[in-house]
Amino acid sequence: MIIVVVGKESPAFAEVAPEVEFRFVANLSEADDAIETMDAVIGRVPPEILAKAKQLRWVHSPAAGVDADLSPEMLASDVVLTSSAGNGGISLAEHAMLLMLMLNRDVPRWMRAQAERRWDHYRHSELAGRTLGIYGLGNSGIDLAQKAKAFHLHVIGVRRRPEQPSPYVDEVYGESGFDRMLEESDFVVVTAPSTPATRGRFDADAFARMKESAYFICISRGGIADDEALLEALQSGQIAGAGLDAHGVEPLPPDSPFWTLPNVIVTPHNGATSDGTARRGEQIVLDNLRRFLVGEELRNVVDKQAGY
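Let me sum up the structure you'll find in this document.

About the thresholds
Just so you know, the residues in each chain are numbered from 1, in the order the chain's sequence is written. Two thresholds apply to this predicted model, a pLDDT of at least 70 for residue-level local features and 80 or more for giving and counting side-chain atom pairs, whereas whole-chain, interface and lining totals are computed over all residues. Water and hydrogen atoms play no part in the side-chain values, which are based on all heavy atoms of the structure. Two strands form a pair only when DSSP identifies at least two bridges running between them. Secondary structure follows DSSP: runs of H or I at least 4 residues long count as helices, runs of E at least 2 residues long count as strands, and numbering of each begins at the N terminus. Simply put, an axis is a line fit to the C-alpha atoms, just over the touching stretch for a helix, and the angle between two N-to-C directions goes from 0 to 180 degrees. Residue contacts are defined here by distance: any two heavy atoms, one from each residue, within 4.5 Å place the two residues in contact. For this classification, under 35 degrees means roughly parallel, over 145 means roughly antiparallel, 65 to 115 means roughly perpendicular, and everything else is oblique. Note: crossing handedness is left-handed where the near helix turns anticlockwise from the far helix by less than a right angle, and right-handed where it turns clockwise. Residue polarity follows a fixed list, in which Ala, Val, Leu, Ile, Met, Phe, Trp, Tyr, Cys and Pro are nonpolar, Asp, Glu, Lys and Arg are charged, and the others, Gly among them, are polar.

What follows concerns the sheet that holds strand E2 (residues 21–25). Strand order in this open sheet of five strands is E2-E1-E3-E4-E5, and the pairing throughout is parallel. Because the sheet does not close on itself, it has two edges, and the strands there are E2 and strand E5 (80–82). Strand-to-strand, the axes of this sheet are offset by a mean angle of 15°, without reference to chain direction. Relative to E2, strand E1 (residues 2–6) runs parallel, the two sharing five bridges. The partner of Ile3 across the bridge, within E2, is Phe22. Strand contacts of helix H10 (residues 275–294): E1, E2, strand E3 (40–42), strand E4 (58–60) and E5, with the helix running at about 170° to E4, the strand carrying the most contacts.

A few words now on the packing of helix H4 (residues 89–104) against helix H6 (residues 139–150). Think of two packed helices as two axes; the pair is described by the angle between the axes and how far apart they sit. Remark: H4 packs on H6, axes separated minimally by 8 Å, with the N-to-C direction vectors making an angle of 50°. Comparing the axis directions of H4 and H6 gives the class oblique. Where H4 crosses over H6, the two elements pack in a sense that is right-handed. Residues Gly89, Ile90, Leu92, Ala93, Glu94, Ala96 and Met97 of H4 pack against Asn139, Ser140, Asp143, Leu144, Lys147 and Ala148 of H6. Looking at the contact of H4 with H6 residue by residue, the class counts come to seven nonpolar, three polar and three charged.

Interpretation note: all reported values are geometric properties and have no functional meaning in isolation.
Quick look at the structure:
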């Protein structure tokens, strides 16, 4: 059995599967002699290589979001695709709380005052008693809900299948409750994956339904918000501000107006870049490797049509 790993060599793979021949490559094109006979790939598989991989049965994405993996060729293939969903949930939820606190207390104002050695003492708000609306109640959404309850927030959320368990969430809506969530929330946090159903979901109408005092935060994927509509909502005062870790274009261009808006905090899609994310990601792939070898059901099997 041949398994190609796109990434740095790690002895952990051989420890789990000493009988497997592993090939560690920086790019899948470097595995030319193994492409036609490899059984699995840990990493992204470009369409041109997928067409040549006649024995390929399983692909594991090291990312939680698989929108970049779902080429038309992958959608049409019988290859099982799994993801690392859950690896960054804790870190992303922490980042969302960070952005909420920074926006709520206007931390940039304190930072400007510190840089100027100026004592700027002002009355600010607190999170307790506010309503948090979470769009997407997967791993990061549920972890965020748990953290938000510790801050005494009322938590509501929208998910594709509202009948699924959503601990720590006070009210769960299906897509039909999207507008209601927007209208009730003081903070709207996007934790949903990028799929055909979610891309562009936050358009001009969505931002118009939010409170003028509300904040928009995106920590999962860019493109779920229409950037032009978001920019207009921020510049016009339709919403109070935004915390943006995921962006429609990445890296965010130097001339993007989001950089300089006084009511926006920009971070470079860095919310889940933590040691914990890396550790959990490795645990997921090694567990799936063990399962693959003994024929057990794999974790995080992607519904290719749903997009996650």
